[in-house]
Amino acid sequence: MSEIIKPEVLAPVGDRERLEAAVLYGADAVYLGGKSLGMRANPANFTAEELAEAVKFAHSKGVKVYLTCNTLPTNEEIDLLPQFISEAAEAKVDAIIVADIGVLMAVKRLAPHIDIHISTQTGIVNYLTANELYKLGAKRVVLARELSLEAIKTIREKTPKDLEIECFVHGAICMSFSGRCLLSNYLTGRDANRGECAQPCRWGYHLMEEKRPGQYYPVFEDEKGSYILNAKDMCMIEHIDELVDAGITSLKIEGRAKSAYYVGVVTNAYRNAVDMYMKNPDNFKLEDWIEEETRKVSHREYSTGFYYGRPDQCYQNGGYVREWDIIANAKETDGKYMTVISRNKFSVGDTAEILEPSKKPVTIEIREILNAEGESIDAACNPMSEYKIPYEGSIISGSIIRKAK
């Protein structure tokens, strides 16, 4: 049996808070964007100074940082490229993620010591393209999401062993091929390929017959209806063994626009799943609580994407499932009380869960709440304020406290 390579857990980061959540909960690497040339404009992203601080922080924890530069730049944007690459080099990022051949060559010329990762936006679906990009200097290819496990295996078998293969394993899937969609641009003027997608594929649509103006007919899959453009979210948490067997070296979580709570919980789930797999790769069986963690964040109905064939795009409901809310982050304990930073309202009598990094969640009952003056109160109502709740034992600072809705 060939040596099993432990896959990287790669987490999404939209700002410093989400970076700290990803690092705390076990990411091997994170990917993030600057203020330009990235595919996500909604997150806060990072200025040059913030990027340098983020890389310094991540590296101090043994975590790599990959910077997105994965739009297809226009003539007007090309002038921004040299400074962007220079700032990335000064910040000491571990890799730059690119989708454009011109950008790839510019990175090679201006920052030859930085690894180059080829974005999923490039649409790599075969080993020939992967090999040619490797010859051009790519350290890693992020394969198109529309590939099956068998197709990924073939690419792995027919490419150099030192070419890393990264694949999305969790999160939202675009209804268009590898994100190449013009719906948002056409309907709202917000360009999906500039990181500004309004997600019109998630909207509900009706038909109107030209001679019956004002009469709208819903588009049905069956008697319950369907959102025919609306892709399900992907979740491959139960298939770590098959992902590794296919030759995937980096497991990528989607969600740079998602909350720090989402980033922490999902990263923790995949961290635990990978560690569990590595302990006994021949008899991998995921513990139920780890799979359940992926359902304690806001998500659409899950599928396994294209890994096992064409996914079902149709919904009975195109909305999010959100059954848990973060209520606080742990700060410290004195053996009797835990000091927490509130996020959402919680009350005496609530049943909550504490999620510490790399641990199974623990259920607690909130029997008492003390405010900053040490007064006993019925409910914590002010976000980002300090409160104390009874708790014996130690706690990792930053741990998540949540409750079911």
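Since the structure is predicted, the reported quantities are computational estimates derived from the model, not experimental observations.

1. Concerning the packing of helix 1 (residues 16–24) against helix 2 (residues 48–60)
Between two packed helices, both the angle of their axes relative to each other and the distance between the axes serve to describe the pair. One can describe the packing of helix 1 onto helix 2 by two numbers: an axis separation of 11 Å at closest approach and a directional angle of 10°. Here helix 2 runs roughly parallel to helix 1, going by the angle between their axes. Across from R16, L19, E20 and V23 in helix 1, the residues of helix 2 making contact are E53, A54 and F57. Across the contact of helix 1 with helix 2, the residue classes break down as 4 nonpolar, no polar and 3 charged.

2. Things to note about the nonpolar core
Membership of the largest hydrophobic core comes to 86 residues, with the highest contact counts inside it found for V30, I240, Y270 and Y307. The element best represented in this core is helix 10 (residues 260–279), accounting for 11 residues. Not counting residues within four places of it along the chain, the set of residues in contact with I240 comprises L251, Y270, A273, V274, Y277 and F284. Counting residues in each nonpolar core, the second largest holds 17 residues, with A328, I366, I389 and I401 among its members.

3. Re unusual backbone geometry
The residue K92 is not glycine, and still its phi comes out positive at about 70°. In this structure, M384 is a non-glycine residue whose phi angle is positive, near 65°. Within the secondary structure, M384 is located in the loop between strand 20 (379–380) and strand 21 (386–390). The class of M384 is exposed, set by a relative accessible area of 52%.

4. Some remarks on the packing of aromatic side chains
What describes a pair of aromatic rings is the distance from one ring centre to the other and the angle between the planes of the rings. On inspection of all chains with the given rule, the structure shows 2 aromatic pairs. Measuring from centroid to centroid gives 5.6 Å for Y277 and F284, while their planes differ by 85°, and the two rings are edge-to-face. Each member of the pair, Y277 as well as F284, carries the same accessibility label: buried. Relative to Y387, the ring of F346 lies with its centre 6.1 Å away and its plane at 80°, an arrangement referred to as edge-to-face. One end of the pair, F346, is in strand 15 (residues 346–347); the other, Y387, is in strand 21, and 41 residues separate them in sequence. Among the residues examined, Y387 registers a relative accessible area of 5% and is labelled buried. Here R145 stacks its cationic end above the ring of F168, 3.7 Å away from the centre of that ring. For the cation-ring pair, K158 lies above Y127, with the distance from its terminal atom to the ring centre recorded as 5.4 Å.

Rules of the game
Residues numbered from 1 in each chain as written. Predicted model: local features only at pLDDT ≥ 70, side-chain atom pairs only at ≥ 80, totals over all residues. Heavy atoms only, no water. Axes fitted to C-alpha atoms, helices over the stretch in contact; angles between N-to-C directions. Helix = DSSP H or I, 4+ residues; strand = E, 2+ residues; numbered from the N terminus. Parallel < 35°, antiparallel > 145°, perpendicular 65-115°, else oblique. Contact = heavy atoms within 4.5 Å. Nonpolar A, V, L, I, M, F, W, Y, C, P; charged D, E, K, R; others polar. Core = buried A, V, L, I, M, F, W, Y, C linked by side-chain atoms within 4.5 Å. Buried < 20%, exposed > 50% of the residue type's maximum accessible area, 1.4 Å probe, protein only. Phe/Tyr/Trp six-rings, centres within 6.5 Å; stacked < 30°, edge-to-face > 60°. Lys NZ or Arg CZ within 6 Å of the ring centre and 35° of its normal.

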